[in-house]
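# Per-entry structural report
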Amino acid sequence: MVGLTQNRSVQDEKLIEAVFQSHHSPESRASSGPIYGATATNIIIDARPTTNAVANTAKGAGTENMDHYKEARKAYLGIDNIHTMRDSLNKVIEALRETEVATTSVTGALPGETQSVPILDRQSLRRSGWLRHLSAIMEGTLLIVRNVHVNSSHVLIHCSDGGDRTAQLSAL
């Protein structure tokens, strides 16, 4: 709830800092040597498109001011909201329904034999944008997995309400 007035939640900032430092042992904080997993790759994932996050600031919401989250960087994934994805899925379903209706006959292996073959409208599938949505989710998942399993760092995942994109990314 940053909003136009750039509100802060010190409690949130301290909680995230504590989580992001949880891979340090208390003794190792005093030493200056490199520590396995103590990389500067802790990430706050905002699953929304950047423009949506910025636009939400005008409504009193917004996104983290990274000046207050020192142990992390932020990444916007640009995943569209559930309504856009649902519309896209409906377009895929409609294209598949039309495939069931539009069939063509082809000659079978035996003389006089014909078979019905569905005609798939590939253009309507492309226009649905469905593969673009799935790709965005998979690319975001790859970023998260690499950060956790390769960099041994932490990831905080969120979007505007945590209902769809956050759950998809976390589940994968």
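Please refer to the structure placed before this passage.
This report concerns the structure included in the present document.

Basis of the calculations
- Residues numbered from 1 in each chain as written.
- Predicted model: local features only at pLDDT ≥ 70, side-chain atom pairs only at ≥ 80, totals over all residues.
- Heavy atoms only, no water.
- Core = buried A, V, L, I, M, F, W, Y, C linked by side-chain atoms within 4.5 Å.
- Buried < 20%, exposed > 50% of the residue type's maximum accessible area, 1.4 Å probe, protein only.
- Helix = DSSP H or I, 4+ residues; strand = E, 2+ residues; numbered from the N terminus.
- Contact = heavy atoms within 4.5 Å.
- Pairing = 2+ DSSP bridges.
- Axes fitted to C-alpha atoms, helices over the stretch in contact; angles between N-to-C directions.

## Overview of the nonpolar core
Grouped together as the largest cluster of nonpolar side chains are 13 residues, with contacts concentrated most on Ile45, Ile79 and Leu169. Of all the secondary structure elements, the ones that give two or more residues to this core are strand 1 (43–46) and helix 5 (130–150). Top contributing element to this core by residue count: helix 5, with three residues. Formed by five residues, the second largest nonpolar core is a distinct cluster that contains Phe20, Ile44, Tyr69 and Ala72.

## Structural notes on unusual backbone geometry
The residue Ser152 is not glycine, and still its phi comes out positive at about 50°. Among the structural elements, Ser152 can be located in the loop between helix 5 and strand 5 (155–158).

## A closer look at the environment of Arg73
Topologically, Arg73 is positioned in strand 2 (residues 73–76). As for Arg73 and Thr41, which are separated by 32 residues in sequence, their C-alpha atoms are 7.0 Å apart. Excluding residues within four positions of it along the chain, Arg73 makes contact with Asn42, Ile43, Ile44, Met66 and Leu143.

## Focus: the sheet that holds strand 2
Read from one edge to the other, the open sheet built from three strands follows the order 2-1-5, with strand pairing classed as parallel. Bordering the open sheet on either side are strand 2 and strand 5, each of which pairs with just one other strand. Adjacent strand axes in the sheet meet at a mean angle of 20°, parallel and antiparallel pairs treated alike. For strand 1 and strand 5, the ladder comprises four bridges, and the chain directions are parallel. In the sheet register, Ile44 faces strand 5, and the bridge partner there is Leu156.

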